[in-house]
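# Structural overview for review
Read off the chains here:
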Amino acid sequence: MTQNTFMLGGKEFHSRFILGSGKYSLELIQAAVNQAGAEIVTLAVRRTNTKDTENILDYIPEHVTLLPNTSGARDAKEAVRIARMARELGCGNFVKVEIMKDSKYLLPDNVETVKATQMLADEGFVVLPYMYPDLYTARDLVNAGAAAVMPLASPI
């Protein structure tokens, strides 16, 4: 039987399961990676290492690709700053761009997301933008250099 793989950002993956790390215990994240075969794990740079005794990176195996997100960013400039910080911290070149001006409804800002995607793609990031579903914006994101788009309410 042929193994079904896919390429993203120049890397080959065997699993399409992208594990979000928010709202889970660190042990559960580790178990999900080990038992479900997750090869990509998101992590919010702003919420990493909130405890003195635990580090989320200690629970994610070395072979797993980190997908830091820019959660909390209000505009493209802030998202780019967070992405650069994640890369400097050793998280690699993958980034999930999340920009939300509206803290009540948490809907993605497509205009700022396109701007951030363009800037980050130009710097060599593998950009996976989180967007409000709109075909024209999806096209603009791909043209800006997005490796894939992640529409609101779709499974990641």
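Being a predicted model, the structure only gives us computed values, none of them experimental.

This part is about the pattern of salt bridges. What the rule picks out here adds up to 7 salt bridges. Measuring nitrogen to oxygen at the nearest pair gives 3.2 Å for the salt bridge that ties Glu 98 to Lys 96. By relative accessible area, Lys 96 is classed as buried at 7%. Linked by salt bridges that have partners in common, Arg 84, Arg 87 and Glu 123 make up one network.

Looking now at the packing of aromatic side chains. A complete count under the given rule lists 2 aromatic pairs for this structure. Arranged with centres 6.3 Å apart and planes meeting at 85 degrees, the rings of Phe 13 and Phe 94 form a pair that is edge-to-face. One end of the pair, Phe 13, is in strand β2 (residues 11–13); the other, Phe 94, is in strand β6 (residues 94–97), with 81 residues separating them in the sequence. Residue classification places Phe 13 among the buried residues on the basis of a relative accessible area of 2%. An aromatic cluster is present here, built from Phe 6, Phe 13 and Phe 94 joined pairwise through their rings. Just above the ring of Tyr 130 sits the side chain of Lys 96; from NZ or CZ to the centre is 5.1 Å.

This brings us to the pairing of β6. Residues of β6 alternate between two faces, with Phe 94 and Lys 96 on one and Val 95 and Val 97 on the opposite face, all of them buried. Across 4 bridges, β6 lies against strand β7 (residues 126–131) in parallel orientation. Along β7, the bridge assignment pairs Val 97 with Pro 129. The handedness of the β6 to β7 crossover, carried by helix α3 (residues 110–122), is right-handed.

If you look at the biggest cluster of nonpolar residues, it comprises 29 residues, and the most contacted ones within it are Leu 19, Ile 60, Val 95, Val 97, Ala 116 and Leu 120. Taken together, the elements giving at least two residues each to this core come down to α1 (26–36), β4 (40–44), α2 (76–88), β6 and α3. The biggest single contributor to this core is α2, with 6 residues. Here Ile 60 is in contact with Ile 29, Val 41 and Leu 66, once residues within four sequence places are set aside. Counting residues in hydrophobic clusters, the runner-up holds 10 residues, among them Ile 40, Leu 67, Phe 94 and Val 126.

Basis of the calculations
- Residues numbered from 1 in each chain as written.
- Predicted model: local features only at pLDDT ≥ 70, side-chain atom pairs only at ≥ 80, totals over all residues.
- Heavy atoms only, no water.
- Salt bridge = Lys/Arg side-chain N within 4 Å of Asp/Glu carboxyl O.
- Buried < 20%, exposed > 50% of the residue type's maximum accessible area, 1.4 Å probe, protein only.
- Phe/Tyr/Trp six-rings, centres within 6.5 Å; stacked < 30°, edge-to-face > 60°.
- Helix = DSSP H or I, 4+ residues; strand = E, 2+ residues; numbered from the N terminus.
- Lys NZ or Arg CZ within 6 Å of the ring centre and 35° of its normal.
- Pairing = 2+ DSSP bridges.
- Right-handed = clockwise from strand over helix to strand, strands pointing away.
- Core = buried A, V, L, I, M, F, W, Y, C linked by side-chain atoms within 4.5 Å.
- Contact = heavy atoms within 4.5 Å.

Fair warning: the whole summary comes from geometry, so function is off the table for now.
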